[in-house]
Amino acid sequence: MRYSVDENGYYGQFGGAYIPEMLYPNVEELRDNYLSIIGDSAFKAEFDKLLKDYVGRPTPLYFAKRLSEQYGAKIYLKREDLCHTGAHKVNNTIGQIILAKKLGKQKIIAETGAGQHGVATATVCALMGMECIVYMGEIDMQRQKPNVERMRILGAEVVPAKSGSKTLKDATNEAMRHWISNPVDTHYIIGSVVGPHPYPDMVARFQSVISEEMKWQLNEEEGTEYPHYVIACVGGGSNAAGAFYHYLDEEKVKLVAVEAAGRGVDSGESAATSYLGKPGVLHGSKTLLMQTADGQVVEPYSISAGLDYPGIGPMHAHLFDTGRVKFENATDEEAMVAGVELSKLEGIIPAIESAHALAALRKMSFEKSDIVVINLSGRGDKDLETYIKWGKY
Amino acid sequence: MTTNRINDVFQNKKNVLSVYYTAGFPELNNTLAIAQYLEAAGADIIEIGMPFSDPVADGPTIQESNKKALENGMSIKLLFEQLKEVRQSVSIPIILMGYINPVLQFGIHEFCENCEEVGVDGLILPDLPMAEYMAVYKGKFEKHGIKNVFLITPQTSEQRVKEIDQNTDGFIYMVSSASTTGAKGSFSVEQINYFERIKNMNLKNPTLIGFGISNHDTYLQACTYSSGAIIGSAFINCIDSSGIEKGNINQFVKDIKG
Ligand SMILES: Cc1ncc(COP(=O)(O)O)c(C=O)c1O
């Protein structure tokens, strides 16, 4: 079975580039150049150096002793929460901004939900001295005020998306509309493994540094590159794509993706796309999509703004379809419990997105000797208000 | 190739005016009346929008009309029922415009059958890429006599314009500038240069210029470089503010055509 993208931009039946003609030249330019640019040794050198000196890579692979005792397995945490800006998102924005420079672009646009990708984009734009506009749903701007101000301090303009449901999906629509109107000098930094080909593949490649490091780090600790399980949360799926990337063809490594069930998968307030979605087209790719019988996109719900998206990347739709990745989900309540548990057991307050991955532990059964790697995609600083509101700690 | 109403229009008429409106806007059951009034007023083609929750190629005016239409309960199924009635009294070409996802969920096969049955002549699906169209959809569309209308923009390469010209036989939709849909005041020098460049390519297909046409002047200018013009947002604004009465729609078309 093939898990990587094919020459037409498809993962099995999913993917492609369903874009209006107005975006065709931009996307074609990217498609024709991304592999040669990121394969170039000068690009690699700049990317690696920034990941090391600026982002703080490699991030530790930390053996979580007390968590391991709790669940009866050897549990490691891949500490993406220690990346500069507090989440894995910056791996991708560093890669894309260097690429944008090589393509001769002067301006950057991005969409953001919780604000993590927006902050990571504003950060690299400050670093490179490039103009930055971030689209953010008007409702999300109210929910995530500190991140809005972080972006502004970093010099970015934050534009409220006032259309539709005024959340992440609409911010993405607005960013695409901006790109349609500014096709020549602007690069659109998409924040997850979504969007038209080549974005899903490109973002997955930039995030693949996560599993690249896991392999040698685990080898140092355990004498093997291959854990029994890798667990990651999925919103659009970029941290999961990075954590799974170098294990996809190693079928002995069981891969687990955890989606946000919100108030329960059948509650009508959920973001568990693999459970609730059907094949459809949104934001440039064919993928699993939460939608009505008439094909109108449904507004998802999760306590975690970063998982609050009605689709998943086409790569994940294919991994779900083929059974290569097992899809679990966790409710708001289960994620919050898991987040507080990690805080008390290990002294690490995780992002609520990442807490969804931790919540899967409870739903799985392990042998004592099982090696489990959980991708801790981000830290909980941005979520303090949600933790406080939830209150059970 | 069988000729259909679209080919007839371009053979027989000059300065073709195509008017867009969103099905289900302002009220759910306005589709028939608007179509009749547009034809009576002298519109040459009607473009009916199938509303979608996420219309990325559209500006604020058409976005809002999509949203309202969905709130009113519009769906493709209902639209086909309305169109059966429309075709009993309206004889100018009808083109459906919309995004691919609702069409896929309706079922592409059933969709094409319904189009043929109710007399839809063409489709504009902006997020259906040409490669995909050629590989999967072309055969089905042609079997049911549906013309697929491609878009070109100022950034579309000459080679791609030629390729598009080869793969359709209805007309080509010339997007007037790098933008989403929306009414604007006048054309810039760059836009005029682009219109001229395409005109000089002597394509086998007629072209209609759309996006940003809002008044008699821009309509006439468009007609000097192409076979006519497409008006959307300006018409939506008109019926939104003044209603869909026959006299109002008649005046709108007269004002544009002069
Ligand atoms: C910490 C963290 N984890 C996960 C996600 C979800 O994104 P993805 O599924 O692309 O990793 C986000 C998105 O904002 C995030 O901030």
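Identification of chain A as Tryptophan synthase beta chain from Fulvivirga sediminis is taken from an unreviewed UniProt entry. For chain A, the Sequence similarities (unreviewed entry) comment in UniProt is given as "Belongs to the TrpB family." Looking at the Catalytic activity (unreviewed entry) heading of the UniProt record, one finds this comment for chain A: "(1S,2R)-1-C-(indol-3-yl)glycerol 3-phosphate + L-serine = D-glyceraldehyde 3-phosphate + L-tryptophan + H2O".

Peer 1: What is the right way to look at the site of the ligand in this model?
Peer 2: All names here are of chain A. Among the 18 residues in the neighbourhood of the ligand, the closest are listed as Ser192, Gly235, Gly237, Ser238 and Ser377. In the environment of the ligand, an oxygen atom lies 2.6 Å from a nitrogen or oxygen atom belonging to the side chain of Ser192. Interatomic distance of 2.7 Å between a backbone N/O atom of Gly237 and an oxygen atom of the ligand. Residue composition of the shell around the ligand, grouped by class: five nonpolar, eleven polar and two charged.

Peer 1: In this structure, what is going on with the pattern of salt bridges? I would like to understand it.
Peer 2: As a working rule, side chains carrying opposite charge can pair if their charged atoms are close by. Inspection of the entire model under this criterion finds 39 salt bridges over all chains. Between A:Lys363 and A:Glu334 there is a salt bridge; the shortest N-O distance is 3.0 Å. Separated by 29 residues along the polypeptide, A:Lys363 in the loop between helix H15 (352-359) and strand E14 (371-376) and A:Glu334 in helix H14 (residues 332-346) bring together distant segments of the chain. In this structure A:Glu334 comes out as partly exposed when scored by relative accessible area, which is 30%. In this structure, B:Asp121 and B:Arg87 form a salt bridge, with 2.9 Å as the shortest nitrogen-oxygen distance. Taken as a pair, B:Asp121 in the loop between helix H6 (108-118) and strand E4 (122-124) and B:Arg87 in helix H4 (residues 76-89) lie far apart in primary sequence, 34 residues in all.

Peer 1: Is there a simple way to explain the packing of helix H2 (residues 41-55) of chain A against helix H5 (residues 116-128) of chain A in this structure?
Peer 2: For any two helices packed against each other, the geometry is given by the interaxial angle and the distance between the axes. All names here are of chain A. Orientation of H2 relative to H5, taken along the N-to-C sense of each, is 110 degrees, at an axis distance of 14 Å. Accordingly, the angle class assigned to the pair H2 and H5 is roughly perpendicular. Each of Glu46, Leu50 and Tyr54 in H2 lies in contact with H5, whose residues at this interface are Thr123, Leu127 and Met128.

Peer 1: Explain H5(A) to me, please; I cannot follow it from the model alone.
Peer 2: Turn by turn, an α-helix covers 3.6 residues, leaving residues three or four places apart pointing in a common direction. Residues and elements named next belong to chain A. The end-to-end C-alpha distance of H5 is 18 Å, a good match for the 18 Å that 13 residues give at a rise of 1.5 Å each. Of all 13 residues in H5, eleven are buried; the element is thus mostly enclosed. Inspection of H5 places Gln116, His117, Gly118, Val119, Ala120, Thr121, Ala122, Thr123, Val124, Cys125 and Met128 among the buried residues, and these make up the whole buried set. Packing partners of the buried residues in H5 comprise H2, helix H4 (89-102), strand E5 (107-112), strand E6 (131-137), helix H7 (145-153) and strand E8 (186-189).

Peer 1: Is there a simple way to explain the interface of chain A and chain B in this structure?
Peer 2: Size of an interface: often given as the accessible area lost when the parts come together. Counting residues at the interface gives 34 residues for chain A and 33 residues for chain B. Summing the contributions of chain A and of chain B, the shared interface buries around 2,600 Å²; its carbon and sulfur component is 55%. In this assembly, chain A and chain B are joined by two salt bridges. For the salt bridge of A:Glu21 with B:Arg160, the shortest nitrogen-to-oxygen distance reads 2.7 Å. The tally of links between chain A and chain B comes to 17 residue pairs in polar contact (both at pLDDT 80 or more).

Peer 1: Quick question: what am I supposed to make of the packing of helix H2 (residues 31-41) of chain B against helix H12 (residues 246-257) of chain B here?
Peer 2: Residue and element names in this part refer to chain B. Put simply, H2 and H12 touch, their axes get as near as 9 Å, and they point 45 degrees apart. With respect to H12, the element H2 is oriented oblique. Viewed along their axes, H2 and H12 form a crossing whose handedness is right-handed. Within the contact between the two elements, H2 uses Ile34, Tyr37, Leu38, Ala40 and Ala41 and H12 uses Lys246, Ile249, Asn250, Val253 and Lys254. When the residues that make up the contact of H2 with H12 are grouped by side-chain class, the tally is seven nonpolar, one polar and two charged.

Peer 1: I tried to follow the packing of aromatic side chains on my own but got confused; where do I start?
Peer 2: What describes a pair of aromatic rings is the distance from one ring centre to the other and the angle between the planes of the rings. Evaluated as defined, the whole model comprises 23 aromatic pairs over all chains. Pairing A:Phe43 with A:Phe206 gives two aromatic rings, centres 6.0 Å apart and planes at 25 degrees, and the pair type is stacked. Of the two residues, A:Phe43 sits in helix H2 while A:Phe206 sits in helix H9 (residues 199-207), which places them 163 residues apart along the sequence. The burial state of A:Phe43 is the same as that of A:Phe206; both residues are buried. Residues A:Trp179 and A:Tyr199 carry aromatic rings whose centres are separated by 6.3 Å and whose planes lie at 70 degrees to one another, so their mutual orientation is edge-to-face. Of this pair, A:Trp179 sits in helix H8 (residues 168-181) while A:Tyr199 is found in helix H9, placing the two residues 20 residues apart along the sequence. Taken individually, A:Trp179 and A:Tyr199 each receive the classification buried, so the pair is uniform in this respect. Aromatic rings pair up to connect B:Tyr133, B:Tyr137, B:Phe141 and B:Phe150 into one cluster. Looking at A:Lys252, its charged tip hangs above the ring of A:Tyr226, at a distance of 4.1 Å from the centre.

Peer 1: Teacher, can you tell me more about the sheet that holds E5(A) here?
Peer 2: Backbone hydrogen bonds are what pair the strands of a sheet, in a parallel or an antiparallel way. Residue and element names in this part refer to chain A. Taken together, the four strands give an open sheet; going across it, the order is E7-E6-E5-E8, and neighbouring strands pair in parallel fashion. Edge strands, defined here as strands with exactly one partner in the open sheet, are strand E7 (157-161) and E8. Looking at each pair of strands side by side, their axes are set apart by 25 degrees on average, direction ignored. Bridge count between E6 and E7: five bridges; the pairing is parallel. Directly across from Met136, in E7, lies its bridge partner Pro160. Strands in contact with H5 are E5, E6 and E8; relative to E5, the strand with the most contacts, it is inclined by about 165 degrees.

Peer 1: Honestly, a nonpolar patch on the surface in this entry has me stumped. Any pointers?
Peer 2: Together, A:Ile349, A:Leu384, A:Ile388 and A:Tyr393 give the surface a local cluster of nonpolar side chains, amounting to about 420 Å² of exposed area. By secondary structure assignment, the location of A:Leu384 is in helix H16 (residues 384-390).

Peer 1: When you look at the nonpolar core in this model, what are you seeing that I'm missing?
Peer 2: Among soluble globular proteins, nonpolar side chains are generally buried collectively. Counting 191 residues, the largest nonpolar core has A:Phe244, B:Leu38, B:Leu83, B:Leu96, B:Phe141 and B:Phe235 as the members making the most contacts within it. If sequence neighbours within four positions are ignored, B:Leu38 has contacts with B:Val19, B:Tyr21, B:Ala43, B:Ile46, B:Phe235, B:Ile249 and B:Val253. With 29 residues, the next largest nonpolar core counts A:Ile231, A:Ala271, A:Leu345 and A:Ala357 among its residues.

The rules we used
- Residues numbered from 1 in each chain as written.
- Chains lettered and ligands numbered in written order.
- Predicted model: local features only at pLDDT ≥ 70, side-chain atom pairs only at ≥ 80, totals over all residues.
- Heavy atoms only, no water.
- UniProt positions renumbered as here; feature names shortened; annotations may be inferred.
- Near = heavy atom within 4 Å.
- Polar contact = N/O pair within 3.5 Å; in protein donor to acceptor, adjacent residues only side chain to side chain.
- Nonpolar A, V, L, I, M, F, W, Y, C, P; charged D, E, K, R; others polar.
- Salt bridge = Lys/Arg side-chain N within 4 Å of Asp/Glu carboxyl O.
- Helix = DSSP H or I, 4+ residues; strand = E, 2+ residues; numbered from the N terminus.
- Buried < 20%, exposed > 50% of the residue type's maximum accessible area, 1.4 Å probe, protein only.
- Axes fitted to C-alpha atoms, helices over the stretch in contact; angles between N-to-C directions.
- Parallel < 35°, antiparallel > 145°, perpendicular 65-115°, else oblique.
- Contact = heavy atoms within 4.5 Å.
- Expected span 1.5 Å × (residues − 1).
- Buried area = accessible area lost by both parts, 1.4 Å probe.
- Left-handed = near helix turned anticlockwise from the far one by under 90°.
- Phe/Tyr/Trp six-rings, centres within 6.5 Å; stacked < 30°, edge-to-face > 60°.
- Lys NZ or Arg CZ within 6 Å of the ring centre and 35° of its normal.
- Pairing = 2+ DSSP bridges.
- Patch = residues over 30% accessible without salt bridge, like charges linked within 9 Å, V, L, I, M, F, W, Y side chains within 5 Å.
- Areas by Shrake-Rupley, 256 points an atom, 1.4 Å probe, with all protein chains shown as cover.
- Core = buried A, V, L, I, M, F, W, Y, C linked by side-chain atoms within 4.5 Å.

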